[in-house]
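Listed here are the chains, written in short residue letters.
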Amino acid sequence: MNNETEFCIIEFTLCNISRYLLWCTDDKDYFLTDRNKKLVYFSQKEKMEEYCKMEHFQNPSFVSNNFDILDYHDYNDYLNKWNIIDDLSKTLEIDFVGNLDEYTDLYSKFVFGSNIPALNTSGKEYIPVFDEEEKSQIANVTNDMIRILKFALGLDS
């Protein structure tokens, strides 16, 4: 890691169980793993904060992601969850359906549906409309997000 590394404690909630992981960004985005490439996570935020202090990870920010609520109509939240699971899948070196080329147009709809000011300079709110095929793709992405998160947090048994 270089001196430009930023840290964020990410709270993942699934099945009413919370786990805290450390997301890092420097020249790429990834989650902290140990020497055996296993995720470093804690079941209490305070334990993760103690770990960060002990390892000299300076001033981590905090983001909460509740995967018990996956409403694709909240475009910004769904996009953020898509992105964080993408980073998690890359860290774990496992496939994520949301990374497949045939999902690029769907992903773009969520980007534009988030109405990010830097992208939406018109001042008009864009509200995406999804056809049946896209709704099927959304279901695939949602199910795969849950699969990856269950695997990552050891909740798949």
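Refer to the preceding data block for the structure.
Rules behind the numbers
- Residues numbered from 1 in each chain as written.
- Predicted model: local features only at pLDDT ≥ 70, side-chain atom pairs only at ≥ 80, totals over all residues.
- Heavy atoms only, no water.
- Helix = DSSP H or I, 4+ residues; strand = E, 2+ residues; numbered from the N terminus.
- Buried < 20%, exposed > 50% of the residue type's maximum accessible area, 1.4 Å probe, protein only.
- Contact = heavy atoms within 4.5 Å.
- Areas by Shrake-Rupley, 256 points an atom, 1.4 Å probe, with all protein chains shown as cover.
- Lys, Arg positive; Asp, Glu negative; His and termini not counted.
- Charge placed at Lys NZ, Arg CZ, Asp CG, Glu CD.
- Salt bridge = Lys/Arg side-chain N within 4 Å of Asp/Glu carboxyl O.
- Axes fitted to C-alpha atoms, helices over the stretch in contact; angles between N-to-C directions.
- Parallel < 35°, antiparallel > 145°, perpendicular 65-115°, else oblique.
- Nonpolar A, V, L, I, M, F, W, Y, C, P; charged D, E, K, R; others polar.
- Phe/Tyr/Trp six-rings, centres within 6.5 Å; stacked < 30°, edge-to-face > 60°.
- Pairing = 2+ DSSP bridges.
- Core = buried A, V, L, I, M, F, W, Y, C linked by side-chain atoms within 4.5 Å.

Draft legend 1. Inspection of the overall build of the protein chain at higher detail. Tallying secondary structure elements over the protein chain gives four helices and five strands in all. Secondary structure elements in the protein chain, listed N-terminal to C-terminal, are β-β-β-β-α-β-α-α-α. Its C-alpha atoms put the protein chain at 50 × 40 × 25 Å along the principal axes. By residue count, 43% of the 157 residues in the protein chain fall in the buried class. Across the protein chain, contacts joining residues at least 24 apart in sequence account for 59% of those joining residues at least 6 apart. On the protein chain, roughly 9500 Å² of surface is accessible, and the fraction owed to carbon and sulfur atoms is 47%. For the protein chain, the distance from the average position of its 15 positive side-chain charges to the average position of its 29 negative side-chain charges is 5 Å.

Draft legend 2. Focus on the pattern of salt bridges. Going through the model one piece at a time under the given rule, you end up with seven salt bridges. D144 is the partner of R147 in a salt bridge, and the nearest nitrogen-oxygen pair spans 2.5 Å. Of the two residues, R147 and D144 both sit in helix α4 (residues 132-152), three residues apart, roughly one turn of that helix.

Draft legend 3. Quick peek at the packing of helix α3 (residues 104-113) against α4. Running from amino to carboxyl end, α3 crosses α4 at an angle of 90°, the nearest separation of the two axes being 10 Å. By the angle between their directions, the pair α3 and α4 is classed as roughly perpendicular. Taking contact as the criterion, the partners of L106, K109 and F110 in α3 are, on α4, E134, Q137 and I138. Residue classes in the contact of α3 with α4 are distributed as three nonpolar, one polar and two charged.

Draft legend 4. Focus on the packing of aromatic side chains. The final tally for this structure, using the stated rule, is 15 aromatic pairs. Ring plane angle 35° and centroid distance 5.8 Å describe the contact between F12 and F67, whose orientation is recorded as tilted. With a gap of 55 residues between them, F12 in strand β1 (residues 6-14) and F67 in the loop between β5 (61-66) and α2 (75-92) connect regions that are remote in the sequence. The exposure class assigned to F67 is buried, which follows from its relative accessible area of 2%.

Draft legend 5. Examining the pairing of strand β2 (residues 17-25) more closely. Within β2, seven of the nine residues are buried, which leaves the element mostly enclosed by the surrounding structure. Of the pairings in the sheet, the one linking β1 to β2 comprises nine bridges and is antiparallel in character. In the strand pairing of β2, C8 is matched with W23. Between β1 and β2, which pair antiparallel one after the other, the connecting turn spans two residues, and C15 there sits at a positive phi close to 55°.

Draft legend 6. Up close: the nonpolar core. Membership of the largest hydrophobic core comes to 34 residues, with the highest contact counts inside it found for F12, F31, F67, I85, L88 and F110. At the level of elements, β1, β2, α2, α3 and α4 are the ones that each hand at least two residues to this core. Counting residues per element, this core draws most heavily on α2, which supplies eight residues. Beyond its immediate stretch of four places on either side in the chain, F31 contacts I10, F12, L21, L22, W23, L39, I84, D87, L88 and T91. Counting residues in each nonpolar core, the second largest holds twelve residues, with F7, Y30, M48 and C52 among its members.

Draft legend 7. Structural detail: α3. By the burial criterion, the buried members of α3 are L106, K109, F110, V111 and G113. Those residues of α3 that are buried lie in contact with α2 and α4. N115 occupies a position one or two residues after α3 and carries a positive phi of about 50°.

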